[in-house]
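Breakdown of the fold
Listed below are the residues making up each chain.
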Amino acid sequence: TLAQGAPSGMSGGRSSEPRSSNARGPQMAWEWWNDAGVQKELGLSTEKIKQIDTFFEKRSKDLRPMAEEWQRQSQELENMTKAAVTDESVYALQVLRVESLGARLRESRTMMLYRIYRVLQPDQYKKLQDILDRRYGRSANNAPGRGRE
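About the cut-offs
- Residues numbered from 1 in each chain as written.
- Predicted model: local features only at pLDDT ≥ 70, side-chain atom pairs only at ≥ 80, totals over all residues.
- Heavy atoms only, no water.
- Salt bridge = Lys/Arg side-chain N within 4 Å of Asp/Glu carboxyl O.
- Helix = DSSP H or I, 4+ residues; strand = E, 2+ residues; numbered from the N terminus.
- Buried < 20%, exposed > 50% of the residue type's maximum accessible area, 1.4 Å probe, protein only.
- Polar contact = N/O pair within 3.5 Å; in protein donor to acceptor, adjacent residues only side chain to side chain.
- Expected span 1.5 Å × (residues − 1).
- pLDDT = per-residue confidence, 0-100.
- Contact = heavy atoms within 4.5 Å.

What follows deals with the pattern of salt bridges. This structure, assessed with the given rule, holds five salt bridges. One salt bridge in this structure joins R134 and E41, with 3.1 Å as the shortest N-O distance. Of this pair, R134 sits in helix 5 (residues 122–136) while E41 is found in helix 2 (residues 36–42), placing the two residues 93 residues apart along the sequence. The exposed category is assigned to R134, whose relative accessible area is 53%. Among the salt bridges present, the one from K82 reaches E78, with a minimum N-O distance of 2.9 Å. Note that K82 and E78 are positioned in helix 3 (residues 46–83) at a spacing of four residues, about one turn of the helix.

What follows is the structure, encoded as structure tokens:
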């Protein structure tokens, strides 16, 4: 599927949203739609580039407070874990806070990726998957469910 097959790199680079569920902070990703080589290889029009960037920018702006809260809550969970003195029911509530925020961020990312997918032509999407596979060192044979059927 799109969400499973797309690496975090499809999410873009300026977001404060975490790309993984560790508490080390945000990781910046590659804005492939702003890469001249990718634009040429995919045959992206200026309009499509603008649409994709708009999807990304809106999501980044809208979710920044939630991503920052996820980071705060994750840090609190890490502190509780290291201290190892918190009551389990309190700890469970903190886990729920972190996981709920993470789920909402992932849901939003999946919706953004779907919007991007709808902007691309099927052949552009397949080419993008190939580009991402090359960039992230993945083999097409090891990537089932990635729209290659």
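Still to come is the rest of the account.
Let's shift gears to the environment of W33. Counting through the fold element by element, W33 comes out in the loop between helix 1 (2–5) and helix 2. Look at W33 and you get buried, because its relative accessible area is 0%. Considered as a pair, W33 and D53 are 20 residues apart in the sequence and their alpha carbons are 7.6 Å apart. A distance of 2.8 Å separates a polar atom in the side chain of W33 from a polar atom in the side chain of D53.

We now examine helix 5. Residues that lie three or four places apart on an α-helix share one face, since the helix turns once every 3.6 residues. Relative to the 21 Å expected for 15 residues at 1.5 Å per residue, helix 5 spans 21 Å between its end C-alpha atoms, a close match to the ideal helical length. Of the residues making up helix 5, those classed as buried are Q124, Y125, L128, Q129, I131, L132 and D133. Backbone geometry just after helix 5 places G137 at a positive phi near 65 degrees.

Averaged over the protein chain, the pLDDT score is 82; the fraction of residues at 70 or greater is 74%. Segment residues 1–27 is flagged for pLDDT under 50; beyond a separation of four residues in sequence, or across chains, it makes 84 contacts in the model. Taken as a whole, residues 144–149 scores under 50 in pLDDT and shows 13 contacts with residues more than four places along the chain or in a different chain.

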